[in-house]
Structure formats: C-alpha cells, structure tokens
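# Analysis of the macromolecular model
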Amino acid sequence: MTASKPAHVGFRAVSKTFPDGTQALKGVSFDVARGAFCVLLGPSGSGKSTLLRCVNGLATPTSGEVFIDGEAVTDKVLPQIRRKVSMIHQQFGLVDRASVAENMMGGALAEIPTWRALLGLYPDHFKTKACELLQSVGLSPEHLQRRAGDLSGGQRQRVGIARALMLDPQIIVADEPVASLDPRISQEIMELLRQAARLRGVTVLCSLHQVALAREHADQIVGLQRGALIFDSPVENLSDDDFSAIYDLEPLA
Amino acid sequence: MNPPRAGLSQETQWAYPKALSLKGIGLFCLIIAILLVTGRNVEMGRMVQLTASAVSVTATGQGESQVAQGLSKIGTSLWPLQISETTEVGRIEGFDRARLPWLAHIETRTKQTQTLNPDTLQMDSVSETAEYLVEPLGYLRHVAVKLVETLEIALWGTVIAILISLPLAFFSASNMAPNRLIYTVARSIVSFLRAIPELVSALFLVLAYGFGPIAGVLALALHAAGFLGKFYAEDIENADTKPQEALTAVGANRIKVLRFAILPQVMPQYIAYTLYVLDRNFRMATVIGLVGAGGIGQELKGRFDMYNYHHVATILVGIFCTVFVIDQLSARLRRRLF
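Calculation notes
Residues numbered from 1 in each chain as written. Chains lettered and ligands numbered in written order. Predicted model: local features only at pLDDT ≥ 70, side-chain atom pairs only at ≥ 80, totals over all residues. Helix = DSSP H or I, 4+ residues; strand = E, 2+ residues; numbered from the N terminus. Buried ≥ 20, exposed ≤ 12 C-beta atoms within 10 Å, placed from the backbone. Contact = placed C-beta atoms within 7 Å. Rg over C-alpha atoms; globule rule 2.2 N^0.38 Å. Pairing = 2+ DSSP bridges. Nonpolar A, V, L, I, M, F, W, Y, C, P; charged D, E, K, R; others polar. Axes fitted to C-alpha atoms, helices over the stretch in contact; angles between N-to-C directions. pLDDT = per-residue confidence, 0-100. Core = buried A, V, L, I, M, F, W, Y, C linked by C-beta atoms within 7 Å. Domains from an automatic or database assignment. Expected span 1.5 Å × (residues − 1). Left-handed = near helix turned anticlockwise from the far one by under 90°.

## Regarding the overall build of chain A
In terms of helices and strands, chain A carries nine helices and ten strands. Its C-alpha atoms give chain A principal-axis dimensions of roughly 50 × 40 × 40 Å. With 253 residues in all, chain A has 43% of them scored as buried. In chain A, the share of contacts with a sequence separation of at least 24, taken over all contacts with a separation of at least 6, comes to 72%.

## Quick look at the overall build of chain B
Check the secondary structure of chain B and you find eleven helices and three strands. Starting at the N terminus, the α and β elements of chain B follow one another as α-α-α-β-β-β-α-α-α-α-α-α-α-α. In terms of C-alpha radius of gyration, chain B reaches 31 Å, well past the compact-globule figure of 20 Å for 338 residues. Once the C-alpha set of chain B is aligned to its principal axes, its extents read approximately 120 × 65 × 40 Å. In chain B, buried positions account for 30% of the 338 residues. Summarising the internal contacts of chain B: among those between residues at least 6 apart in sequence, 68% fall at separations of at least 24.

## What about the environment of Phe-204 of chain B?
Mapped onto the secondary structure, Phe-204 of chain B falls in helix α6 (residues 198-209). A residue is classified by how many C-beta atoms lie within 10 Å of it, and Phe-204 of chain B, with 14 of them, is partly exposed.

## Quick notes on the pairing of strand β4 (residues 63-68) of chain A
Walk down a regular strand and you will see the side chains alternate between the two sheet faces. Residues and elements named next belong to chain A. The pairing of strand β1 (residues 7-17) with β4 spans five bridges and is classified as antiparallel. Bridge pairing links Ser-15 to Ser-63 in β4. By the bridge criterion, two bridges tie β4 to strand β5 (residues 71-72) in an arrangement that is antiparallel. Bridging from a neighbouring strand, Ile-68 pairs with Glu-71 of β5. Linking two consecutive strands that pair antiparallel, namely β4 and β5, is a turn of two residues; a positive phi of about 55° is found at Asp-69 within it.

## Regarding the sheet that holds β4 of chain A
What the four strands build is an open sheet, ordered β2-β1-β4-β5 (chain A); its pairing is antiparallel. A single partner strand is all that each edge strand has here, and the edge strands are β2 (23-33) and β5 of chain A.

## Some points on the interface of chain A and chain B
Listed by partner, the interface residues are 22 residues for chain A and 17 residues for chain B. Going through the elements one at a time, α2 (78-84), β6 (85-88), α3 (100-106) and α4 (114-119) of chain A are the ones with two or more residues in the side of chain A that touches chain B. Classifying every residue of the side of chain A that touches chain B by side-chain character gives ten nonpolar, eight polar and four charged.

## Notes on the sheet that holds strand β3 (residues 123-135) of chain B
All names here are of chain B. Pairing within the open sheet is antiparallel, and its three strands lie in the order β1-β3-β2. Taken across any chain shown, the strands that pair with only one partner, and hence form the sheet edges, are β1 (85-88) and β2 (105-116). Neighbour-to-neighbour, the strand axes of the sheet open up by a mean angle of 40°, direction not taken into account. The sheet contact formed by β2 and β3 spans twelve bridges and is antiparallel. By the bridge assignment for β3, Thr-110 is matched with Thr-129.

## Let's talk about the confidence of the model for chain A
Per-residue pLDDT for chain A averages 88, and the proportion of residues at 70 or more is 95%. Within chain A, strand β7 (residues 171-174) of chain A carries the highest mean pLDDT (94), whereas helix α9 (residues 240-247) of chain A carries the lowest (76).

## Some details on the nonpolar core
Generally speaking, a soluble globular protein has its nonpolar side chains buried in company with each other. Counting residues in hydrophobic clusters, the biggest one holds 123 residues, and the most contacted among them are Val-39, Val-204 and Leu-205 of chain A. For this core, the leading source of residues is helix α7 (residues 213-238) of chain B, giving 14 residues. When neighbours within four sequence positions are excluded, Val-39 of chain A is seen to be in contact with Cys-206, Leu-208, Ala-214, His-217, Ala-218 and Ile-221 of chain A. Grouped together as the second largest cluster of nonpolar side chains are eight residues, Leu-147, Ile-296, Val-312 and Ile-319 of chain B included.

## So, the domain arrangement of chain B
Domain assignment breaks chain B into domain 1 (86-136) and domain 2 (139-337). Averaged C-alpha coordinates put domain 1 of chain B and domain 2 of chain B at centres separated by 46 Å.

## Some words on helix α1 (residues 22-41) of chain B
Residue and element names in this part refer to chain B. Across its 20 residues, α1 extends 29 Å between first and last C-alpha, which sits within 8% of the 28 Å expected from 1.5 Å per residue. Of all 20 residues that make up α1, zero are buried, and the element is exposed over most of its length. Glu-43 occupies a position one or two residues after α1 and carries a positive phi of about 60°.

## Thoughts on the confidence of the model for chain B
All names here are of chain B. Here chain B averages 88 in pLDDT, and 98% of its residues register 70 or above. By mean pLDDT, the top-scoring element of chain B is helix α5 (residues 180-195) (95), and the lowest-scoring one is β2 (81). Interface confidence for the predicted complex, expressed as ipTM, amounts to 0.84; the pTM equals 0.76.

## Notes on the pairing of strand β10 (residues 228-234) of chain A
All names here are of chain A. In the sheet, strand β9 (residues 220-225) pairs with β10 via six bridges, with the strands oriented antiparallel. Residue pairing in the sheet places Gln-220 in a bridge with Pro-234 of β10. Between β9 and β10, which follow one another and run antiparallel, lie two residues, and Arg-226 among them has a positive phi close to 50°.

## Thoughts on the packing of helix α4 (residues 138-171) of chain B against helix α9 (residues 254-288) of chain B
Residues and elements named next belong to chain B. The geometry of α4 relative to α9 is characterised by a closest axis approach of 9 Å and an angle of 145° between their N-to-C directions. As for the relative orientation of α4 and α9, their crossing is right-handed in sense. Here Thr-150, Leu-151, Ile-153, Ala-154, Gly-157, Thr-158, Ala-161, Ile-162 and Phe-170 of α4 come into contact with α9, specifically with Leu-258, Thr-274, Val-277, Leu-278, Asn-281, Phe-282, Ala-285 and Thr-286.

## Details of unusual backbone geometry
Of note, the amide linkage connecting Trp-79 of chain B to Pro-80 of chain B takes the cis form, showing an omega dihedral of -5°. Tracing the chain through its elements places Pro-80 of chain B in the loop between α3 (66-78) and β1. Phi angles above zero are rare outside glycine, and Asp-168 of chain A is one such case at about 45°. Within the fold, Asp-168 of chain A resides in the loop between α6 (153-164) and β7. With phi around 60°, Tyr-307 of chain B is a residue other than glycine that occupies positive phi space. One can find Tyr-307 of chain B in the loop between α10 (296-305) and α11 (309-337). C-beta crowding within 10 Å serves as the criterion here: with 10 such atoms nearby, Tyr-307 of chain B is assigned to the exposed category.

## Concerning the environment of Arg-283 of chain B
Topologically, Arg-283 of chain B is positioned in helix α9. Separated by 133 residues in the primary sequence, Arg-283 of chain B and Thr-150 of chain B have C-alpha atoms spaced 9.0 Å apart.

Listed below in structure tokens is the structure:
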C-alpha cells in the first residue's frame with residue numbers, strides 16, 4: 001500500500017522478549033511512508049509502547065530490525081537517529097519543578113554544547129525557536145516562567161509537543177500522548193499534533209487506544225494484539241468489524 | 001459474562017493478612033531481649049535509680065544524692081555569667097588613653113600582696129597600684145567574635161564539603177556512574193569519609209596544619225562530604241525516571257540528563273541537606289575547637305581548664321543562641337524554597 005512512496009520507517013520481523021520471559025512483540029513487520037500519520041491501535045499490553053521505543057533505541061529488539069531511511073537502528077548510529085526522532089510521552093516527560101523555558105531547552109540538548117547547557121547559556125536561536133513553538137501550540141508568554149508542574153494536563157502536553165519540535169525532527173514518536181487527558185482535550189491535542197506534523201512534513205508514529213481518535217486523525221492504522229500485527233491498512237479501507245476485532249479478545253487463560 | 005454475585009466462591013481461598021503473626025510476635029520479643037541485655041551493659045538501671053533519688057532529694061529536701069549535688073555545684077559555679085572584661089593597662093600594646101573602646105573606662109585599683117623581704121626575711125605587705133581598662137561588655141564581645149569565627153569555620157567546612165561531595169555523589173549514584181568499578185570506588189570513599197568523626201580527623205589535621213581554623217575547616221569538610229555524598233547520591237538514584245528517559249530519547253548525555261532532568265527535582269532536598277550540614281557543622285565546630293582547631297571551642301576549652309566557669313557559662317549561652325538563630329533562619333529559608 002506504500003508502494004508509490006519509499007518507506008520512511010520500516011519494521012522487519014521485530015520481536016522483543018523481556019528478561020522475565022514476557023514476549024512483547026512477535027515478528028512485527030510494516031512500513032510507514034514519509035509524512036504519514038500512523039496510529040498503532042491495541043489494548044494495554046499489546047506491545048505498542050515497546051514497538052515505539054525500538055524506533056529511537058530506548059528498547060532494543062531481541063531479533064529483527066527497525067529501519068529509518070533504509071538505515072538500520074543500531075547503537076552506533078543512535079546519536080544521529082535521536083536527532084531525527086523526537087518523542088512525546090504519556091506522562092508528558094517534563095520536569096515538574098523546572099520552568100517551561102527550561103523544559104523546552106531539554107528538547108534541543110543534543111545540539112547544545114555541554115558547557116553551555118550546564119551554565120544555562122542557551123544559544124539565542126534556540127530561545128527564539130522555543131518561544132515561536134510555544135506560541136504555535138497555543139501557549140502565551142507568561143507560561144514561559146511557570147513551573148511545568150503548575151500547568152494543566154493539556155497545557156503540559158502542548159509543551160511536550162513544542163519540545164518535540166525543537167530540533168526540526170523528521171519523525172515524531174508519540175507514546176499514548178492523550179491517555180492521561182480528558183476526551184475534549186484529547187481531541188484538541190490530537191488535532192494540534194496532526195496539524196504540526198502536516199505543516200512540517202513530519203512522519204508520526206502514535207500509539208492510541210481510542211478507536212474514534214485513530215479513525216479521525218490517522219492516515220494509516222496498525223493493529224496490534226498481544227505483540228502480533230493483526231492489520232496494517234490505510235484508514236479508509238478499515239471497517240467497523242476490523243476495529244472491534246482488536247478489542248474483542250478471548251479472555252486470557 | 002456472569003452477573004456479579006454476592007458471596008465468595010468455594011474453589012478459591014481468600015485470606016486477609018493477620019495483624020498479629022507468629023513472626024511479628026517473635027520479632028517483638030527479640031527486640032525486647034536485645035534492649036534488656038544492652039540496657040544492663042550500659043547501666044540503665046543505675047541511671048534510673050540515681051535520677052530518681054536526685055528527684056526525690058530535690059523534692060523533699062531530705063537525704064543525699066550524688067547527682068543532685070553535682071548538678072547544683074555546676075549551677076552555682078556557672079552563675080552569674082561573665083559579661084565584662086578587665087585588663088591591666090600596662091599589658092595592652094599601643095594603648096591610647098584618648099581613644100578608649102566603646103563604653104570602656106579606666107579604673108585604678110590597689111592590690112595588697114605579701115612578699116618575702118630578702119633582707120629581713122619577713123613577710124612584707126606591699127600595696128601595688130595598677131590601672132585597669134574595664135570594658136562592661138568586653139567578654140560578651142569577645143565571645144561574639146569567637147562565635148563569628150566558628151560560623152566562618154562552619155561555612156567554609158560546608159562549602160568545601162559541597163565541592164567534594166558533588167562529583168562523589170555523581171559517581172556513587174548507580175544510575176549515573178560510568179561503570180561498576182568507579183561506582184564502587186566512589187561509594188567506598190564516601191563511606192570512608194563518613195566513618196571518621198570530625199573530632200578524630202581534627203586531632204590529626206591539627207598535627208599537620210597546626211592549631212587554628214584550617215584544621216577545623218578541613219575536618220568538618222571531610223566528614224560532611226561523606227554525609228552529603230551519600231544523600232545527594234541517593235536522591236539522584238530515586239529521582240523520577242520519566243523526564244530522564246524523555247531527555248535520553250532526544251539524545252542528551254548523562255551530564256545533561258543530570259542537569260536538566262535530575263537537578264531540578266532534587267534541588268529542594270539538596271538545599272535541606274546542606275542547611276542541616278551547616279547547622280551541624282556549627283555545633284561540631286565548637287566541639288573540634290576543643291582539640292585546638294579554632295573558634296569558640298578553643299576559647300571554651302581554655303576557660304574550662306582555667307576553672308573560669310562564669311566565662312564558660314557565657315560561652316554556652318552564646319552557642320545556644322546562635323544555634324537557635326540558625327535553626328530559625330534555615331526553617332524560614334526552606335519554607336520559602338519549597
């Protein structure tokens with residue numbers, strides 16, 4: 001289905017077994033086209049997070065490989081990969097006690113020399129960029145000084161999205177970005193993420209468990225069930241039955 | 001799915017943990033036994049007996065008590081506090097009669113002394129007249145100066161302790177140390193520093209650096225570095241891992257993760273520990289002064305050895321007031337920071 005465009009992110013028979021013997025992924029293979037918004041759907045424990053963490057090396061597949069631009073993700077190329085791939089987290093991944101301004105700089109750390117980072121002497125172009133991005137996600141100048149922990153959940157995830165855009169990533173990995181938000185805010189955040197990605201031509205891999213949000217925002221939907229891929233399809237080709245299938249599990253023995 | 005039913009199924013056993021278990025009672029008995037044995041070894045029975053007799057003697061005024069006698073002796077010899085200071089004018093170098101210190105005045109005192117006359121071999125009564133500089137608040141000022149010196153020793157002991165303990169804490173936190181060997185070495189240094197009491201290291205440092213504040217500062221710094229290193233490291237280990245992972249995911253190295261994800265989280269705790277260490281260093285600075293490492297302790301020891309108990313009382317009150325003020329200030333500072 002992605003034959004017309006070259007794959008941006010590719011998974012080849014990715015399997016992951018944790019040291020305690022849990023098999024999180026069982027030979028998952030699929031491709032995501034450049035600029036596509038790919039949603040991973042599946043119940044808790046279906047391996048969505050683990051799959052996403054394999055993209056930027058937070059987890060390493062036991063077997064199989066992840067490719068970005070045709071290049072395999074290995075420990076050796078991780079620094080380059082991590083400059084291209086940003087991440088958005090379910091619990092926002094912000095330092096609650098630090099200001100929004102400090103948290104934003106966290107997103108650009110790979111490009112800031114260590115001594116400058118330690119002294120807090122950030123390059124001016126990053127400061128400007130942080131302000132522009134915060135404006136683009138709908139925050140106002142007074143939020144810059146506030147502690148991240150004092151913001152509401154929706155505002156925190158806006159900071160999370162803005163931070164992910166600091167280094168102009170080619171790929172954004174979003175691990176349950178709206179799981180801790182209410183339905184209305186979830187809708188707003190998904191729209192924001194979708195819009196930000198489309199504007200910059202960023203490929204998004206986003207895990208969700210709300211079918212409605214996935215159908216509304218995704219270009220491509222990948223269904224996972226207990227670590228195995230059960231479908232991979234453009235959103236328009238999927239029927240209601242396909243969606244109900246992933247949550248309609250037989251009880252675990 | 002079956003509708004929920006009241007009552008438990010017969011197949012599975014539901015058993016709430018009991019409040020009193022055999023293991024718990026055994027542990028309790030063991031602790032009591034340990035306390036009884038150790039209590040006998042450190043003469044806790046005699047302590048209770050002596051204290052009780054002291055209380056009964058004080059209350060009824062009958063009988064005799066070693067403890068009550070000792071305490072009342074201390075009380076009477078300490079009171080009143082020594083506030084003023086009297087110095088013979090002839091012993092003050094470069095004394096300027098026109099410019100006396102604040103509130104001071106000069107008194108002429110005549111002293112009768114008995115001396116042996118070498119010619120007559122009889123005791124003669126000789127009256128000597130000398131001028132004395134009397135400063136009504138002189139000794140109080142002297143104690144204040146010494147207290148400030150002690151505070152300075154405590155402050156620098158704390159500053160050097162922070163400088164030593166920050167790198168040690170980084171390497172002795174298991175999630176930050178580059179490898180197992182460096183971790184073990186750093187941990188051992190921290191334990192070693194903490195294991196040597198200030199008083200002991202001060203004894204040796206006085207031999208090396210001579211009497212005075214340098215030995216005091218270093219002795220305090222080494223012990224406090226062991227203390228701070230342990231607590232700083234444990235906070236680094238216990239910090240929330242989610243922000244750390246988020247920064248690792250965008251390619252931050254360990255030092256950047258420490259600065260951006262861990263430091264903001266642990267800062268309030270670090271300030272609390274450091275304030276405690278400052279407070280403790282002040283109290284310990286008075287103790288290590290006893291072995292000649294400068295500050296109020298050295299003055300205390302000197303006065304104690306000369307049986308000047310009124311001076312000692314002034315020093316003790318001075319120390320108490322300073323500790324109280326530091327405590328109030330640090331409590332206020334912490335409230336503002338959290």
